[in-house]
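Structural characterization, general
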Amino acid sequence: MRLVLASKSPARRQTLENAGITPIIRISNVDEDAALEALPDGRAFSGGSTTPADEVTVLAHAKCGSIVDLVCAANPDITADLPTDEELFIVGCDSMLEINGTMVGKPRQPDIARERIAAMRNTEAILWTGHHGARVSRADEHGRRTLIDEVSASAATTVRFGDISDAEIEAYVASGEPLKVAGAFTIDALGGPFVTGIDGDHHSVVGISLPLLRQMAIQLGIFWPDLWDHRRSNQ
């Protein structure tokens with residue numbers, strides 16, 4: 001059993017590696033804005049009836065699903081170096097920050113990041129992370145695989161921010177880090193000193209909840225230790 005991570009996030013990859021699992025990375029090309037706009041019941045906090053959990057979960061599902069489709073179709077660009085004799089646990093994740101009644105993702109622009117971080121200081125927000133996992137069969141003689149089962153889940157963690165000065169905000173934005181991460185902050189890198197506490201799973205704030213992922217694996221009939229590198233190398 002190998003874990004395939006449908007994400008280019010170095011923090012998610014490092015979290016898994018620290019847990020003894022070297023993921024196979026496959027980057028999905030999902031239009032996140034389009035996926036959110038397509039929600040049949042509208043966006044959370046924008047007149048729609050969806051919840052924050054719905055939003056991050058639908059994005060995680062889309063990312064995982066795009067890789068599952070390509071793997072099952074034996075797309076050579078995706079399957080070239082995948083082990084044919086092992087099942088796959090394909091995982092997609094997405095995170096967004098709920099702050100002041102708004103769901104926000106990656107700011108991408110310095111002005112947006114600056115504004116968001118200023119709104120976060122001396123307050124708390126909820127970091128939502130959606131997870132979608134799919135168990136996929138071994139490859140047949142033609143390289144094709146079959147989706148066995150799939151499951152979705154989400155985690156919510158309350159994050160408390162300290163009194164971040166204007167000068168610190170400018171320096172942090174200038175580093176470039178907050179532009180490319182959900183909510184414009186990290187807990188495991190440059191943004192860590194600005195976070196004074198959390199209520200919930202800190203792995204989820206990094207971008208992938210290991211306890212939740214283990215529960216999803218159990219639901220799919222996957223024995224979590226089978227994903228550990230050292231067990232696979234000793235077989």
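Please read these numbers as outputs of a predicted model, since none were measured by experiment.

Reading guide: rules and limits
- Residues numbered from 1 in each chain as written.
- Predicted model: local features only at pLDDT ≥ 70, side-chain atom pairs only at ≥ 80, totals over all residues.
- Heavy atoms only, no water.
- Core = buried A, V, L, I, M, F, W, Y, C linked by side-chain atoms within 4.5 Å.
- Buried < 20%, exposed > 50% of the residue type's maximum accessible area, 1.4 Å probe, protein only.
- Helix = DSSP H or I, 4+ residues; strand = E, 2+ residues; numbered from the N terminus.
- Pairing = 2+ DSSP bridges.
- Axes fitted to C-alpha atoms, helices over the stretch in contact; angles between N-to-C directions.
- Parallel < 35°, antiparallel > 145°, perpendicular 65-115°, else oblique.
- Left-handed = near helix turned anticlockwise from the far one by under 90°.
- Contact = heavy atoms within 4.5 Å.
- Nonpolar A, V, L, I, M, F, W, Y, C, P; charged D, E, K, R; others polar.
- Arc of directions from axis to C-beta.

Turning our eyes to something else, we now look at the nonpolar core. Among the nonpolar cores identified, the biggest contains 21 residues, and L3, L16, F89, L213 and L227 are the most heavily contacted of them. Contributing elements (two or more residues each) for this core: β1 (2-5), β3 (88-99), β6 (147-161) and α8 (210-219). Of the residues forming this core, the biggest block, five residues, is contributed by α8.

By the bridge criterion, 13 bridges tie strand β5 (residues 124-136) to β6 in an arrangement that is antiparallel. Note that in β6 the partner of W128 across the bridge is A156. Judged from the four bridges that link them, β6 and strand β7 (residues 195-199) form a sheet pairing that is antiparallel. Opposite R160, over in β7, you have G197 as the bridge partner.

On to the packing of helix α5 (residues 110-120) against helix α6 (residues 166-175), then. Relative to each other, α5 and α6 sit at 140°, their axes nearing to 10 Å. Regarding the angle of α5 to α6, the classification is oblique. Handedness of the crossing formed by α5 with α6: right-handed. Taking contact as the criterion, the partners of P110, A113, R114, I117 and A118 in α5 are, on α6, I169, E170, Y172 and V173. When its residues are assigned to classes, the contact of α5 with α6 shows seven nonpolar, no polar and two charged.

For the rest of this paragraph, the subject is α5. An α-helix turns once per 3.6 residues; consequently, residues spaced three or four apart project the same way. Within the sequence span of α5, burial applies to A113, I117 and M120. Along the axis of α5, the buried residues cluster in a sector spanning 55°; they form a single face. Turned more than 90 degrees away from the buried face of α5 sit D111 and E115, all of them exposed. In the stretch just after α5, N122 is the one whose phi turns positive, near 60°.

Of note, N100 is a non-glycine position whose phi angle comes to about 50°, a positive value. In this fold, N100 is placed in the loop between β3 and β4 (102-104). On the basis of relative accessible area, N100 is assigned to the exposed category, the value being 62%. One non-glycine residue, A184, lies in positive phi territory at about 70°. Position of A184 relative to the elements: it lies in the loop between α6 and β7.

Three or more residues of helix α1 (residues 10-18) are buried, namely A11, R12, T15 and L16. Around the axis of α1, the buried residues are gathered within 135° of arc, so they sit on the same side. For α1, exposure combined with an orientation more than 90 degrees from the buried face picks out P10 and N18. Tucked inside the fold, the buried residues of α1 contact β1, β3, α7 (202-206) and α8. Downstream of α1 by a residue or two, G20 has a phi angle that is positive, lying close to 85°.

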